[in-house]
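# Descriptive analysis of the structure
Listed here are the chains, written in short residue letters.
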Amino acid sequence: MSEKKTPPDINALMQAIPYARFLGITVDQRGNEITTVMHFKEELIGNPVLPALHGGTIGAFLETTAIAQLAFEFSEGDAAGNALPKPIGLTIDYLRSGRPVDTYGRAEITKQGRRVATVRAEAWQDDRSRPIAAAHGHFLLKPADDPAGS
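One structure accompanies this document, and this report is about it.

Conventions and cut-offs
- Residues numbered from 1 in each chain as written.
- Predicted model: local features only at pLDDT ≥ 70, side-chain atom pairs only at ≥ 80, totals over all residues.
- Heavy atoms only, no water.
- Helix = DSSP H or I, 4+ residues; strand = E, 2+ residues; numbered from the N terminus.
- Buried < 20%, exposed > 50% of the residue type's maximum accessible area, 1.4 Å probe, protein only.
- Polar contact = N/O pair within 3.5 Å; in protein donor to acceptor, adjacent residues only side chain to side chain.
- Contact = heavy atoms within 4.5 Å.
- Phe/Tyr/Trp six-rings, centres within 6.5 Å; stacked < 30°, edge-to-face > 60°.
- Lys NZ or Arg CZ within 6 Å of the ring centre and 35° of its normal.
- Salt bridge = Lys/Arg side-chain N within 4 Å of Asp/Glu carboxyl O.
- Expected span 1.5 Å × (residues − 1).

### Some points on the side chain of Thr 65
Relative to the assigned elements, Thr 65 resides in helix H3 (residues 55-74). Look at Thr 65 and you get buried, because its relative accessible area is 2%. Here the side chain of Thr 65 touches Phe 61 through a polar contact of 2.8 Å, landing on its backbone oxygen. Leave out the neighbours within four places in its chain, and Thr 65 touches Thr 36, Gly 105, Arg 106 and Ala 107.

Here is the structure:
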C-alpha cells in the first residue's frame, strides 16, 4: 500500500471555487475530519417572509461539502488547478427550513471505486442530530481517458 498524500489546503480550494467563495464556505479541519461551514449572509435568503435559506444554496453547499471531502481524502484537487471530482448525479432531501444562521456540513464516502465514488452529506445548523438537508451523490474521480487512473 502506498503512503497517503498530504491533504490539500481545503480552505484555499474553497477560495479557488467562485461559487463556494460567493456562498462563504470555509472548512474547519481537525485531524482527519473536516466540517464545512456556510457563513450566513442576506444574499442566501430565498424566502424573506420566513426568512429561510434558498434551497439552491443548501444544495450547492451539500455538493461542495461532498467535493471537499473527496479532495481531502484523495488529494485529487487543490488550488493549483488539479482536477476536482465532478458530480455525476446528486439527490437532495430537504428536511426542514434553513434558518438565517451559519450552516454546517459533513460528508462520508460510502463507496469508492477507481473512477467513481458515492458520497452522503448532511447539513445542519444548531443541532447536528436535526439536519436541515441530506444529499446522496455519485462523483467522477478521474476521467476515463486519464492515464493516471489506469
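### Examining the packing of aromatic side chains
Taken as a whole, this structure holds two aromatic pairs when the rule is applied. The ring of Phe 22 has Lys 41 sitting right over it, with the charged end atom 4.6 Å from the ring centre.

### Quick look at the side chain of Thr 118
Looking at where Thr 118 falls in the secondary structure, it is placed in strand S7 (residues 116-124). Note on Thr 118: relative accessible area 11%, which makes it buried. In this structure the side chain of Thr 118 is engaged in a polar contact, spanning 3.1 Å, whose partner is the side chain of His 138. Aside from chain neighbours lying at most four places away, what touches Thr 118 is Glu 108, Ile 109, Thr 110, Lys 111, His 136, Gly 137 and His 138.

### Structural notes on the environment of Thr 65
Between the C-alpha atoms of Thr 65 and Val 37, which are 28 residues apart in sequence, the distance is 8.8 Å. Here the side chain of Thr 65 touches Thr 36 through a polar contact of 2.7 Å, side chain to side chain.

### A short note on the pattern of salt bridges
The final tally for this structure, using the stated rule, is four salt bridges. Residue Arg 99 pairs with Asp 126 through a salt bridge whose shortest N-O separation is 2.6 Å. Of the two residues, Arg 99 sits in the loop between strand S5 (86-94) and strand S6 (103-112) while Asp 126 sits in the loop between S7 and strand S8 (133-140), which places them 27 residues apart along the sequence. The class of Arg 99 is partly exposed, set by a relative accessible area of 36%. The exposed category is assigned to Asp 126, whose relative accessible area is 64%. When the shortest N-O distance is used, the salt bridge between Glu 122 and Arg 120 registers 3.4 Å. The class of Glu 122 is partly exposed, set by a relative accessible area of 25%. Classification of Arg 120 by relative accessible area gives partly exposed; the value is 35%.

### Digging into H3
Relative to the 28 Å expected for 20 residues at 1.5 Å per residue, H3 spans 29 Å between its end C-alpha atoms, a close match to the ideal helical length. Most of H3 is tucked away, with 15 of its 20 residues classed as buried.

### Considering unusual backbone geometry
Looking along the chain, the bond that leaves Leu 50 and enters Pro 51 is cis, with omega of -20°. Mapped onto the secondary structure, Pro 51 falls in the loop between strand S3 (45-47) and strand S4 (52-53).

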